[in-house]
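Residue strings, one per chain:
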Amino acid sequence: MVRTPLTPEERLRGERLGLLLREARGARSMTEIAARAGISAETLRKIETGRAPTPAFFTVAALAGALGLSMDELLLRCAPEPAIVPLAG
């Protein structure tokens, strides 16, 4: 199976997600948070380091729950900045 290359925006979003998860995890271990989320520590490591920049929605939702983050907060902090479009007129 051939994977479509990631866009720069997807890579950036993955980096932002990884940073947010590392910050939210704080001093807690990867193993602890991964177990709470029902994923492997290796999967969490890949997400945090950007090696898995597009994790499945349910994986992200499980991690958010394990870390006490809302999905709204994840979206606001990980989505790319909106483009500024001048108003016509």
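Predicted, not measured: the structure shown is a model, and the values here were computed from it. The residue numbering used here restarts from 1 in each chain and proceeds along that chain's sequence as written. The model is predicted, so local features are restricted to residues of pLDDT at least 70 and side-chain atom pairs to those at 80 or more, both for listing and for counting; the totals for chains, interfaces and linings are taken over all residues. Processing note: side-chain calculations cover all non-hydrogen atoms of the structure and skip hydrogens and water entirely.

Caption draft 1: The arrangement of the nonpolar core in detail. Take the buried Ala, Val, Leu, Ile, Met, Phe, Trp, Tyr and Cys residues and link them wherever side-chain atoms come within 4.5 Å; each set so joined is a nonpolar core. Each residue gets one of three labels from its accessible area relative to the maximum for its type: buried under 20%, exposed over 50%, partly exposed in between, using a 1.4 Å probe on protein chains only. Core analysis: the largest hydrophobic core is formed by 18 residues, its most contacted members being Leu-17, Leu-21, Leu-44, Leu-63, Leu-69 and Leu-74. Of all elements in the fold, only helix 1 (8–25), helix 2 (30–37), helix 3 (41–49), helix 4 (57–67) and helix 5 (71–78) reach the threshold of two or more residues within this core. In this description a helix means any DSSP run of H or I spanning at least four residues, a strand means any run of E spanning at least two, and both kinds are numbered starting from the N terminus. Ranked by residue count, the leading element in this core is helix 4, at 5 residues. Should any heavy atoms of two residues lie within 4.5 Å, those residues are considered in contact. Look past the residues within four positions of Leu-44 in its chain and what remains in contact with it is Arg-25, Met-30, Ile-33, Ala-34, Ile-39 and Leu-63.

Caption draft 2: Fine view of the packing of aromatic side chains. The pairing test for Phe, Tyr and Trp rings, Trp by its six-membered ring, is centres within 6.5 Å, and the orientation test on the planes gives stacked under 30 degrees, edge-to-face over 60, and tilted for anything in between. Applying the stated criterion across every chain, the model contains 1 aromatic pair. Aromatic side chains Phe-57 and Phe-58 sit 5.3 Å apart centroid to centroid with 80° between the ring planes, which places their arrangement in the edge-to-face category. Exposure remark for Phe-58: the relative accessible area of 68% places this residue in the exposed category.

Caption draft 3: Spotlight on the confidence of the model for the protein chain. Confidence scores per residue from the predictor, reported as pLDDT, run from 0 to 100. Per-chain confidence: the protein chain averages 88 in pLDDT, with 89% of residues scoring 70 or above. Highest mean pLDDT in the protein chain belongs to helix 2 (97); lowest belongs to helix 5 (86).

Caption draft 4: Local environment of the layout of surface pockets. Size it by volume and the largest pocket reaches roughly 290 Å³. Cavity: a set of points on a 1 Å grid over the protein atoms alone where a 1.4 Å probe fits but cannot get out. Pocket: an open set with protein on both sides within 12 Å along at least five of seven lines, its lining residues, like those of a cavity, having an atom within 4 Å of a point. If you trace the largest pocket, you find 13 residues lining it, with Arg-13, Leu-17, Val-60, Leu-74 and Cys-78 closest to the centre. Residue assignment for the lining of the largest pocket shows that the elements contributing at least two residues are helix 1, helix 4 and helix 5. Under the grouping applied here, Gly and all other residues not named as nonpolar or charged are polar, the nonpolar ones being Ala, Val, Leu, Ile, Met, Phe, Trp, Tyr, Cys and Pro and the charged ones Asp, Glu, Lys and Arg. Classifying every residue of the lining of the largest pocket gives 11 nonpolar, 1 polar and 1 charged. Grid points are joined across faces, edges and corners, and a volume is the space filled by probe spheres set on the points.

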